[in-house]
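A structural walkthrough
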Amino acid sequence: MKKTAVYIALLLAAAWLAAPASAEEARLLRQPTVSENHIAFVYANDIWVVTRSGGDARRITTHVGSENGPLFSPDGKYIAFSGQYDGNTDVFVVPAEGGEPRRLTYHPGTDSVRAWSPDGSEVVFASARDSVPVGFARLWTISLKGGMPEALPMPMANKGVYSPDGERMAYVPLIEAFSAWRHYRGGRTTEIWLLDMDGYDMEKVPRDNSNDTDPMWIGDSVYFLSDRNHTMNLFAYDTGSKQVKQLTFHDDYDIKSARAGDGAIVYEQAGYLHLFDPGAAKSSQVSVEIRGDLPGRRVHMARVSNTIKSASLSPTGKRAVIEARGELFTVPAEKGDARNLTQSSGVNDRYPAWSPDGARIAWFSDQGGEYGLMIGGQKGIEPAQRIELKDPSFYYSPVWSPDSSKILYADDGLNLYYVDVETEKVIKIDKDTYDHPMRSLDHVWGPDSQWVAYSKRLSNHLHAVFAYSLEEGKSYQLTDGLTDALSPTFDTSGKYLYFLASTNFALNTGWLDMTSYERPFTYGVYLMVLNADDPSPLLPESDEEEVKKEEEGAAEKDKASPEEKDKTQNEAKDEDKGPKVKIDFKGLDQRILGLD
């Protein structure tokens, strides 16, 4: 029996050793290129090759620097690419089956591979090497044997590809303005020009201010990417009929890059590779598996002190909670150790906020795929409470109410919410008017946890300060909108609301308009007296000798009516409960004071 058991164990061990390592379909495959039998692409800053039918990919480069822009030669024997082997980004060529890359360019600027000559004797690359003092790209050629690069005749060009006979070139004159601004329609949209390399006659691919890029020439047609129908898809321009036709119809994610080779087109969409057959006008996804030593995917220790994103102090300041590298840590001011509260490898935990009672910490986490609001103990021992948020988005700036019962937060859609921690009910307070790179809702709680103050853009693009009543479920505009008012903050008594305001900011509201640049402006500090019965804190003061009249005071107190006595007692009880915010909106604009 013992021998049989040992034999079975040996068979299982042998089977385990013989089994291939597990692999899954890879994603984030970038910048593909295609030859007769293979597809090359970039993954983890290295170049990999896989057969057209997919399967296991083989790594061609392993350098710690970035290798990008691979491009098969017309005969499929070589791959040209831009690499950082010697610290700078230059043009290299490597055999398609692998080997030692050979450097072709030596300029200190960036050289980006764009195309091959039809006969495969030269590599076309983009470089700003001779455009000074303002750098703009031109196309250059370098012989496969090396030597000095030669500039192509176009005065400005970022991408370009020869026609099959080499007599014309389809090229993009300008660099794309943005890689992730979908449906951009500003002054830097890109177009494709067709240039006769002999007579320099020029023809433009028809468009209506769309972003057209990545030209590819197959036969008499120029294939290219365009977002003219919103999502970036593959199109073809027939140079004979002068007609443009859409070929792919992705409506979720843009096609990010495309290359043609040996009668086919390979493109990257949603992180996957797709192979398009121009004859059949159909595309199919190529399944790729990655097996390799990928240091970035190994479990490893990492120093996080230089990747701190946000932090929050505990109520007493004895500890702070810090977000770093997607984890949350609490660290002591003086004594004790740092604690990792989340220990959530592969999860992004963001924007921690310590509750005023000191017991809990709130943060946003994408555990499970979408961000939700997490609430956990300050020691990280018990499992955290997760509050699911509707309409998945990115969320920012959680702020606890002073009584630690509610949390304010904003989202990527410019909305402002608060959530009741106990009931998990989410209430929308307001929505900002315009998107802007500088988020400025500046939401804060009143000291009684019944009011919220925030700033919001008006239709004139200036900010105004608003206050929201939880009891009424209603917002009130507190400033007139003739100044740019920001950063509201209640004082601890609840009597005053401080804020910043600028009376000369108006010319800076159009941040996308260059006429708003370099306009000087200043902000001042202001406060508003919220309750009409409270005196101005800036009234003149004078030291005077007071005469105590205890008997007279006692007599006046005895004369007070029962109602007045009850009112005095109730006010004393309210003061014992803590500060109470009362806002008299009538005449509020007359109770705004500028501070020196």
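Small disclaimer: the values here were computed from a predicted structure and weren't measured.

1. Describing the overall build of the chain
- In terms of regular secondary structure, the chain is built from 3 helices and 46 strands.
- Whereas a compact globule of 596 residues would reach a radius of gyration of roughly 25 Å, the chain reaches 33 Å, over 25% beyond that.
- Each of the three principal axes of the chain carries a C-alpha extent, and together these read 110 × 85 × 45 Å.
- The buried share among the 596 residues of the chain stands at 44%.
- Here the analysis covers contacts within the chain between residues at least 6 apart in sequence; of these, 39% occur between residues at least 24 apart.
- Split by element, the accessible area of the chain, about 33500 Å² in all, is 51% carbon and sulfur.

2. Examining the sheet that holds strand β7 (residues 78-83)
- Across the sheet, which stays open at both edges, the 4 strands sit in the order β6-β7-β8-β9 with antiparallel pairing between neighbours. Each edge of the open sheet carries a strand with a single partner, namely β6 (67-72) and β9 (102-103).
- Of the strand pairs in this sheet, β6 and β7 are connected by 4 bridges, and their pairing is antiparallel. Within β7, the residue paired with Asn-68 across the bridge is Ser-82.

3. Some thoughts on the side chain of Ser-35
- In this fold, Ser-35 is placed in the loop between β1 (30-34) and β2 (38-43).
- Setting aside residues up to four positions removed in sequence, Ser-35 forms contacts with Arg-52, Phe-72, Gly-76 and Asp-262.

4. Re the confidence of the model for the chain
- Across the chain, the average pLDDT comes to 90, with 91% of residues at or above 70.
- Segment residues 1-22: pLDDT under 50, and 3 contacts once partners within four positions in sequence are set aside and those in other chains are kept.

5. Description of the sheet that holds strand β34 (residues 385-387)
- Overall, antiparallel pairing links the 4 strands, which are arranged β31-β32-β33-β34 in an open sheet. The open sheet has two edge strands, β31 (349-354) and β34, and neither has a second partner. Across the sheet, the mean angle separating the axes of adjacent strands is 25 degrees when strand polarity is ignored.

6. Brief notes about the nonpolar core
- Of all hydrophobic cores here, the largest spans 25 residues; its most connected members are Val-123, Leu-139, Leu-152, Met-154 and Met-169.
- For this core, the secondary-structure elements that each account for two or more residues are β8 (90-95), β10 (112-116), β11 (122-127), β12 (138-143) and β15 (168-172).
- It is β11 that provides the largest number of residues to this core, a total of 4 residues.
- Here Met-154 is in contact with Arg-138, Leu-139, Met-169, Tyr-171 and Leu-195, once residues within four sequence places are set aside.
- Listed in part, the 17 residues of the second largest apolar core include Ala-26, Ile-39, Val-286 and Leu-294.

7. Quick notes on the pattern of salt bridges
- Per the stated rule, a full pass over the model turns up 20 salt bridges.
- In this structure, Arg-103 and Asp-90 form a salt bridge, with 2.8 Å as the shortest nitrogen-oxygen distance. Highlighted residues: Arg-103 in strand β9 and Asp-90 in strand β8, separated in sequence by 13 residues.
- With its nearest N and O atoms 3.4 Å apart, the salt bridge here joins Glu-191 to Arg-207. Taken together, the residues span a long stretch of sequence, with Glu-191 in the loop between β15 and β16 (193-196) and Arg-207 in the loop between β17 (202-204) and β18 (212-218) at a distance of 16 residues.
- Residue class for Glu-191 comes out buried when judged on its relative accessible area of 18%.
- Salt bridges here are not isolated pairs; linked through shared partners, they connect Asp-56, Glu-289 and Arg-291.

8. Quick look at a nonpolar patch on the surface
- Residues Phe-178, Trp-181, Trp-511 and Leu-512 make up a contiguous nonpolar surface patch of about 430 Å² in total accessible area.
- Mapped onto the elements, Leu-512 comes out in the loop between β44 (496-502) and β45 (524-529).

9. What about unusual backbone geometry?
- Residue Asn-209 is not a glycine yet carries a positive backbone phi of 60 degrees.
- A positive phi angle is found at Asp-262, which is not glycine, with a value near 50 degrees.

10. Considering the packing of aromatic side chains
- Using the criterion set out here, one finds 25 aromatic pairs in the structure.
- Considering the side-chain rings of Tyr-85 and Phe-92, the 5.0 Å spacing of their centres and the 50 degrees angle between planes classify their relative orientation as tilted.
- Aromatic side chains Tyr-409 and Tyr-417 sit 5.3 Å apart centroid to centroid with 20 degrees between the ring planes, which places their arrangement in the stacked category.
- On the accessibility criterion, Tyr-409 (2% relative accessible area) is buried.

11. Points about the pairing of strand β25 (residues 282-286)
- The pairing of strand β24 (residues 272-277) with β25 spans 5 bridges and is antiparallel. Its bridge partner being in β25, Phe-276 is matched across the sheet by Ser-283.
- Counting the residues in the hairpin turn of β24 and β25 gives 4 residues, including Ala-281, whose phi is positive at 55 degrees.

12. With respect to the environment of Tyr-272
- Looking at the element boundaries, Tyr-272 is found in strand β24.
- When the C-alpha atoms of Tyr-272 and Val-288 are compared, they prove to be 8.4 Å apart, with 16 residues separating the residues in sequence.
- Once you skip the residues sitting within four places of it in the chain, Tyr-272 turns out to touch Glu-25, Ala-26, Arg-27, Tyr-267 and Gln-285.

13. A closer look at the pairing of β16
- Relative to β16, β15 runs antiparallel, the two sharing 4 bridges. If you follow Tyr-171 over to β16, its bridge partner there is Trp-193.
- Bridging between β16 and β17 involves 3 bridges; their strand directions are antiparallel. Within β17, the residue paired with Leu-195 across the bridge is Met-202.
- Between β16 and β17, which pair antiparallel in sequence order, lie 5 residues; one of them, Tyr-200, sits at a positive phi of approximately 65 degrees.

What counts, and where the lines are drawn
Residues numbered from 1 in each chain as written. Predicted model: local features only at pLDDT ≥ 70, side-chain atom pairs only at ≥ 80, totals over all residues. Heavy atoms only, no water. Helix = DSSP H or I, 4+ residues; strand = E, 2+ residues; numbered from the N terminus. Rg over C-alpha atoms; globule rule 2.2 N^0.38 Å. Buried < 20%, exposed > 50% of the residue type's maximum accessible area, 1.4 Å probe, protein only. Contact = heavy atoms within 4.5 Å. Areas by Shrake-Rupley, 256 points an atom, 1.4 Å probe, with all protein chains shown as cover. Pairing = 2+ DSSP bridges. pLDDT = per-residue confidence, 0-100. Axes fitted to C-alpha atoms, helices over the stretch in contact; angles between N-to-C directions. Core = buried A, V, L, I, M, F, W, Y, C linked by side-chain atoms within 4.5 Å. Salt bridge = Lys/Arg side-chain N within 4 Å of Asp/Glu carboxyl O. Patch = residues over 30% accessible without salt bridge, like charges linked within 9 Å, V, L, I, M, F, W, Y side chains within 5 Å. Phe/Tyr/Trp six-rings, centres within 6.5 Å; stacked < 30°, edge-to-face > 60°.

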